[in-house]
Amino acid sequence: MTAPVIPASLFPSLDVMLLEGAADGSFTLLGEAPAWVRRLWPEAPAQRRGLHPERTFLFLEHFLPLARTVWANGQDASVTSEMWTEVDETGREWLLEARALQLAGRSLLLLKFPTVAPENLREVLQQSRELNLEHYRLRKEIDRREVLLHCLVHDLSTPLASIKGSLRLLIEDEMVRPGGDPLVQIGLRQIEKLREMVREMLTGFTGQARPARRLTAQTAPDLAAAIRELTTGLTPTATLKNVRFQVEADPSEARAWPVVGESTRLERVLFNLFENALRYAPAGTDVLVRLVDEGRTIRLSIEDAGEGVPEGEVERLFRKFAQGSGQKGQVGLGLYFCRITIEGWGGTIGYAPSALGGACFWFRLPKPQPED
């Protein structure tokens with residue numbers, strides 16, 4: 001017996017907006033949009049795909065990380081947000097509520113009016129106004145940091161250009177040939193990567209990131225190629241520290257390892273994990289990099305022979321601003337960035353003690369699905 005077809009007008013008649021999440025973090029509008037959506041988010045009914053509701057409803061920036069834990073669980077479950085208010089162009093206040101559902105393998109997000117008893121409405125509205133004021137303060141802080149980020153990008157441009165010019169002059173210098181030329185080329189490639197990373201940070205922070213493409217085995221980033229590029233770029237640092245990278249793949253033959261994700265951010269995740277391993281690996285040891293094909297996912301692990309992570313600090317490793325007791329890291333954002341990026345692509349990330357005696361950081365990413 002076939003399942004009944006749900007009319008597209010069902011959710012608008014209930015004043016509910018139904019969205020389905022994708023692996024890249026965007027959403028697709030299902031069915032029609034209620035009338036109130038056109039007053040608060042007029043772009044959504046026209047665009048329908050590639051939507052980012054958290055950019056319109058700032059409150060969702062706090063709720064979506066919790067929602068993604070429900071969607072990643074793999075079992076039917078749901079979680080409901082607190083209520084918040086939005087104001088349209090006429091000054092009218094709208095009281096909203098979000099609900100995340102994992103249902104039959106689908107990641108669903110409902111935006112709707114909450115069910116509130118009349119006697120509690122005044123109290124709820126007051127709480128919602130207080131939340132709205134807090135969100136306004138947060139938005140002002142984001143604006144302030146955006147200005148700071150623009151200034152940093154501008155200030156970085158000049159020294160990067162100078163370094164690039166100096167390296168190009170070295171290429172023409174007979175003193176560095178032939179032995180030094182490969183190292184200069186590595187430096188030039190890393191300068192270009194740094195410039196691209198700075199641009200990506202700026203566009204990502206201002207909400208102007210490029211739209212995601214449909215991923216296939218041909219368009220998805222190649223994890224093995226990204227590893228080769230990164231280990232080559234880190235060769236001077238590893239050589240100075242007398243540390244070697246050992247890359248193993250299963251199966252061992254050379255081939256592409258496509259994964260769900262975006263190339264620039266994937267390289268940034270790898271850089272954080274590789275640089276972390278180099279920082280703690282003792283001189284004269286190897287950093288072991290292992291790729292394993294698990295069928296629907298690919299697992300990458302990076303192991304070093306350092307001191308490892310104390311047991312009491314493992315739980316907070318991937319939290320924002322978390323640092324180990326050794327304080328060899330930066331500001332504690334590297335592993336946090338890795339976690340939110342990998343989980344945003346539908347993957348998982350974690351830590352385990354290494355067989356080499358040090359730390360083993362790993363992550364799994366799904367493979368791109370074949371085209372219809």
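Thresholds, definitions, all that
Residues numbered from 1 in each chain as written. Predicted model: local features only at pLDDT ≥ 70, side-chain atom pairs only at ≥ 80, totals over all residues. Heavy atoms only, no water. Core = buried A, V, L, I, M, F, W, Y, C linked by side-chain atoms within 4.5 Å. Buried < 20%, exposed > 50% of the residue type's maximum accessible area, 1.4 Å probe, protein only. Helix = DSSP H or I, 4+ residues; strand = E, 2+ residues; numbered from the N terminus. Expected span 1.5 Å × (residues − 1). Polar contact = N/O pair within 3.5 Å; in protein donor to acceptor, adjacent residues only side chain to side chain. Pairing = 2+ DSSP bridges. Axes fitted to C-alpha atoms, helices over the stretch in contact; angles between N-to-C directions. Contact = heavy atoms within 4.5 Å.

(A) Structural detail: the nonpolar core. Grouped together as the largest cluster of nonpolar side chains are 39 residues, with contacts concentrated most on Leu 223, Leu 270, Phe 274, Leu 300 and Phe 363. If one sorts the elements of this core by residue count, helix α10 (residues 263-280) sits on top with 7 residues. Residues Leu 19, Leu 29, Phe 57 and Trp 84 belong to the second largest nonpolar core, which totals 27 residues.

(B) Structural view of α10. The first and last C-alpha atoms of α10 sit 26 Å apart over 18 residues, in line with the 26 Å expected at 1.5 Å per residue. Two to three positions downstream of the cap, the backbone nitrogen of Thr 264 sits 3.2 Å from a side-chain oxygen, assigning the N-cap of α10 to Glu 262.

(C) Spatial organisation of the sheet that holds strand β9 (residues 297-303). One open sheet accounts for 5 strands, arranged β7-β8-β9-β11-β10; its pairing is mixed. One side of each edge strand has no neighbouring strand; the edge strands of this open sheet are β7 (244-250) and β10 (348-353). On average, adjacent strands in this sheet sit at an angle of 15 degrees to one another, irrespective of strand direction. Bridge count between β10 and strand β11 (residues 359-366): 6 bridges; the pairing is antiparallel. Its bridge partner lying in β11, Ile 349 is registered against Phe 363. Docked against the sheet, helix α8 (residues 223-233) engages β7, β8 (286-293), β9 and β11, running at close to 170 degrees with respect to β8.

Honestly, that's just the spatial picture; any functional story needs more than this.
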